[in-house]
Amino acid sequence: MLDIKKSNILLAMAGAAVLMASSPVLAQDTATPAPATTEATAPAATTPAAPVAEAPAADAAEEAGGHSGDITPISMFMEATIVVQVVMIGLLLASIFSWTLLIIKLIEFSKLNRKTDQFLEEFRTTRTIADMRRVSSSEEFDGNPLADMAAAATEEVELSRQAGLSVNGDHRDSAIGRAQNAVAAVQSGVAGRLSGGQQFLASTGSTGPFVGLFGTVYGIMNSFIGIVQSNTTNLAAVAPGIAEALLATGIGLFAAIPAVVFYNYFNTRIAAYGTRSDGFNAELMNAISRQLDKGA
């Protein structure tokens, strides 16, 4: 009986030792996380969003109105109707011709004043009517208005003398009168010679804005017709046509403003030279009268 009890105690102790030896392993196994759990908690990879395609503004404008995003004067001219293009070309040619006239007349007046100054210097050194005639008829002053006036006057006195008239006596006043008429005939053509091209400048300055306005009105009419046909009021579709029309008015002003300025400027120069020729006319008649009184 005692042996059975000892055997049970030994078995109980052996079982307790086995349980104590196996308990850390169990604890370690329960503390270690499962790999599946880590993988499950990993964040999911984000898929990049597809970029949103945006239509370029230029394409939209082109689809709306048939024009690209860049609008230049050349592109506006190319897109304009044939009538507006003809107006623009005509105004540009008028502007080019106006500037050409400006250059030509500036050179003409510069040479005219220089030659006139040289002629007056030599004329005032003469002592006889023959000397006046020689200086005024020289090739150096050929075509100068004042030289032509002096040549006409001295030629008339010489013709009267060759006709046997007493230019120093009884026919003195009549000879001076004929010389005065010859000078007046030459002087009347001076303004016409100097005013060449003035009519064109006046016409361009007065009609240029109205011609450009005609092109603008015609172009805007076509723009509004296009708006009605396309059934849209989008600014991208309306603005290019109106800009093309307004370009015609701009070119008209570009041609007219310089033409008006040049016209007024050259009118002033012509009037100033006319005043100078009037003064020389009086000086010439006094010189001829003095020489006739001296018997020269």
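Criteria and cut-off values
Residues numbered from 1 in each chain as written. Predicted model: local features only at pLDDT ≥ 70, side-chain atom pairs only at ≥ 80, totals over all residues. Heavy atoms only, no water. Helix = DSSP H or I, 4+ residues; strand = E, 2+ residues; numbered from the N terminus. Buried < 20%, exposed > 50% of the residue type's maximum accessible area, 1.4 Å probe, protein only. Contact = heavy atoms within 4.5 Å. Areas by Shrake-Rupley, 256 points an atom, 1.4 Å probe, with all protein chains shown as cover. Axes fitted to C-alpha atoms, helices over the stretch in contact; angles between N-to-C directions. Parallel < 35°, antiparallel > 145°, perpendicular 65-115°, else oblique. Left-handed = near helix turned anticlockwise from the far one by under 90°. Nonpolar A, V, L, I, M, F, W, Y, C, P; charged D, E, K, R; others polar. Phe/Tyr/Trp six-rings, centres within 6.5 Å; stacked < 30°, edge-to-face > 60°. Expected span 1.5 Å × (residues − 1). Polar contact = N/O pair within 3.5 Å; in protein donor to acceptor, adjacent residues only side chain to side chain.

**A word on the overall build of the chain**
Counting secondary structure elements, the chain contains ten helices and zero strands. Its helices and strands in sequence order give the chain the pattern α-α-α-α-α-α-α-α-α-α, from N to C terminus. Counting the 296 residues in the chain, one finds 30% classified as buried. Restricting to contacts in the chain with at least 6 residues of sequence separation, those with at least 24 account for 81%. About 18,100 Å² of surface is accessible on the chain, with carbon and sulfur atoms providing 65% of the total.

**Some remarks on the packing of helix α5 (residues 82-123) against helix α6 (residues 129-136)**
Running from N to C, α5 and α6 point in directions that differ by 160°, and their axes come no closer than 10 Å. The pairing of α5 with α6 is recorded here as roughly antiparallel in orientation. As for how α5 packs across α6, the hand of that crossing is right-handed. Only Met132, Val135 and Ser136 of α6 make contact with α5, whose side of the interface consists of Phe119, Glu122 and Phe123. Its residues placed into classes, the contact of α5 with α6 shows four nonpolar, one polar and one charged.

**Some words on the packing of aromatic side chains**
In this structure the tally under the stated criterion is nine aromatic pairs. Ring centres of phenylalanine 214 and tyrosine 218 lie 6.4 Å apart, and the angle between their planes is 40°; on these two criteria the pair is classed as tilted. With a gap of four residues between them, phenylalanine 214 and tyrosine 218 both fall in helix α9 (residues 198-230), about one helical turn apart. Its relative accessible area of 45% is what places phenylalanine 214 among the partly exposed residues.

**Details of helix α7 (residues 145-162)**
Counted at 1.5 Å a residue, the expected span for α7 with its 18 residues is 26 Å, and the 25 Å between its end C-alpha atoms agrees. Regarding α7, the residues found buried are Pro145, Leu146, Ala147, Met149, Ala150, Ala151, Ala152, Ala153, Thr154, Glu156, Val157 and Ser160. Residue asparagine 144 occupies the N-cap position of α7, its side-chain oxygen lying 3.1 Å from the main-chain nitrogen of leucine 146.

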